[in-house]
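Now for the letters of each chain:
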Amino acid sequence: MQPIQFASLIAALVCASIATPLEACSRVLWNDNGHGVLVGRNMDWFEDIQSNIWFLPRGMQRSGLAAVNPLEWTSKYGSVIITAYDAGTADGINEKGLAVHMLYLPETSVGQRDPSVPGLSITMWPQYYLDRFATVAEAVEAMQDEPFQLRMASHEGSGKAATIHLAMDDPTGDSAVLECIDGEIKVYHSREHTVMTNQPTFDKQLENLRQYRGFGGDKKLPGTHEPGDRFARGAYYVRHLPQPETDREAVAALMSVMRNVSAPFGIADPERPNVSTTIWRTVTDLSNAVLYYDSVFSAQVFWIDVKKVDFGADRPVRKLQVIGNYDLMGEVSAEAEAAPMFEFIGPEE
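J.: Honestly, the side chain of Ser 333 in this entry has me stumped. Any pointers?
T.: Following the sequence through the fold, Ser 333 ends up in the loop between β19 (330-331) and β20 (337-338). A polar atom in the side chain of Ser 333 sits 2.9 Å from the side chain of Glu 331. Ser 333 has contacts with Phe 55, Ile 304, Asp 305, Lys 308 and Val 309, leaving out every residue within four places of it along the chain.

This is how it looks when you write it as structure tokens:
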């Protein structure tokens, strides 16, 4: 792996703002359309984050990367993940249909280290769930025993921290949002939790939503790129989508919502990275295990049928080259090639 600035990595992974609270990225779950369960996710940042797609097999040995008593596990399930700079998991779905999405949350704080509890670098938090669990309910139940302590990762020079929260969803339509506040992982588990953006914390986002028409209030639908506005628009538009009759219609409908909560290409300012262009978006059909990828650098959408991927423990890690590969179109799972596994970033403890 080529060395890169960790602050840039984390910012790209989770759409972090350097200075002001206008961070981007959005996730919308559509689980009540009578046809199938789909989830959309936008990745927003001020530059191309050099994403590739990786196929990770079962049986991979993992370490939580803590200096003392790291959490260790073996991947039970294979997964298809999208990276940022080929140095961390930004999004993914495993072979059982569990999907995990990582977004920025500046309120995140992991608390003091307790070396008696296995430590898990926050940069590996999404991969832990993809590796070990088949459903949202299973993952949430496992959290009751507090199996690990999250540790913050940051760059020694810049001090920028990977303050993030997670959304999980599965083919049953179940949903959970996980946030680590003052060292405690708060779990919001309900299939009603269909939208997530960035700050403030999820409970305050739900409270904010109630001021808009259709959700208990009388305010008109907002239109800026701020997290609360995108949250409200995502919740409103997914609620009003027409019932789809085909898989293609369902994917197109949810993609239209994700485009509505996107930032147009070309508005980004490197001096103000909080004003961020949407770099790529995905719609994942959880019912059929198909991931659709839409990059702003290409006019074509391509997809991966996860059912066609062999996740056997004897299979190598494989990489689908997305960077600069603007001719990708159609179903592309067969185009992934064996590659060395990228390295996750550990905490400085």
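J.: How do you make sense of the packing of helix α5 (residues 227-239) against helix α6 (residues 247-260) when you look at a structure like this?
T.: For any two helices packed against each other, the geometry comes down to the angle between their axes and how far apart the axes lie. It is at 9 Å that the axes of α5 and α6 come closest, and there the two elements cross at 160 degrees. It follows that α5 is roughly antiparallel to α6 by the angle criterion. In the packing of α5 onto α6, the handedness of the crossing is right-handed. On α6, the residues touching Arg 233, Gly 234, Tyr 237 and Val 238 of α5 are Leu 254, Val 257 and Asn 260. Grouping the constituent residues of the contact of α5 with α6 by class yields 4 nonpolar, 2 polar and 1 charged.

J.: Looking at this structure, how should I read the pattern of salt bridges?
T.: A side chain of one charge can pair with a side chain of the opposite charge when the charged atoms of the two come close. Under the definition given, this model contains 11 salt bridges. Measuring nitrogen to oxygen at the nearest pair gives 2.8 Å for the salt bridge that ties Arg 58 to Glu 95. With Arg 58 in the loop between β3 (53-56) and β4 (61-63) and Glu 95 in the loop between β7 (89-94) and β8 (99-104), the pair connects residues that are 37 residues apart, well separated along the chain. Since its relative accessible area comes to 32%, Arg 58 is described here as partly exposed. A relative accessible area of 25% places Glu 95 in the partly exposed class. Asp 310 is paired through a salt bridge with Arg 315; the nearest N and O atoms lie 3.9 Å apart. Residue Asp 310 is classed as partly exposed on the basis of its relative accessible area of 41%.

J.: What am I meant to see in the packing of aromatic side chains here?
T.: Two measures describe an aromatic ring pair: the distance that separates the ring centres and the angle between the ring planes. All told, the structure shown has 13 aromatic pairs when counted by the stated rule. Their ring planes at 55 degrees and their centres at 5.3 Å tell us that Tyr 188 and Phe 202 sit as a pair that is tilted. With Tyr 188 in strand β13 (residues 184-189) and Phe 202 in helix α4 (residues 202-209), the pair connects residues that are 14 residues apart, well separated along the chain. Taken individually, Tyr 188 and Phe 202 each receive the classification buried, so the pair is uniform in this respect. An aromatic cluster of three or more residues is present, and its members are Trp 73, Tyr 128, Tyr 129, Phe 133 and Phe 148.

J.: Sorry, what's going on with the confidence of the model for the chain here?
T.: Close inspection of predicted coordinates is inappropriate for parts of the model with low pLDDT. Across the chain, the average pLDDT comes to 89, with 88% of residues at 70 or higher. Within the model, the stretch residues 14-22 combines pLDDT values under 50 with 28 contacts to residues more than four positions away or in other chains. In this model, residues 155-159 is a region of pLDDT below 50 whose contacts with residues beyond four sequence positions or in other chains number 8 contacts.

Reading the values: the criteria
Residues numbered from 1 in each chain as written. Predicted model: local features only at pLDDT ≥ 70, side-chain atom pairs only at ≥ 80, totals over all residues. Heavy atoms only, no water. Helix = DSSP H or I, 4+ residues; strand = E, 2+ residues; numbered from the N terminus. Polar contact = N/O pair within 3.5 Å; in protein donor to acceptor, adjacent residues only side chain to side chain. Contact = heavy atoms within 4.5 Å. Axes fitted to C-alpha atoms, helices over the stretch in contact; angles between N-to-C directions. Parallel < 35°, antiparallel > 145°, perpendicular 65-115°, else oblique. Left-handed = near helix turned anticlockwise from the far one by under 90°. Nonpolar A, V, L, I, M, F, W, Y, C, P; charged D, E, K, R; others polar. Salt bridge = Lys/Arg side-chain N within 4 Å of Asp/Glu carboxyl O. Buried < 20%, exposed > 50% of the residue type's maximum accessible area, 1.4 Å probe, protein only. Phe/Tyr/Trp six-rings, centres within 6.5 Å; stacked < 30°, edge-to-face > 60°. pLDDT = per-residue confidence, 0-100.

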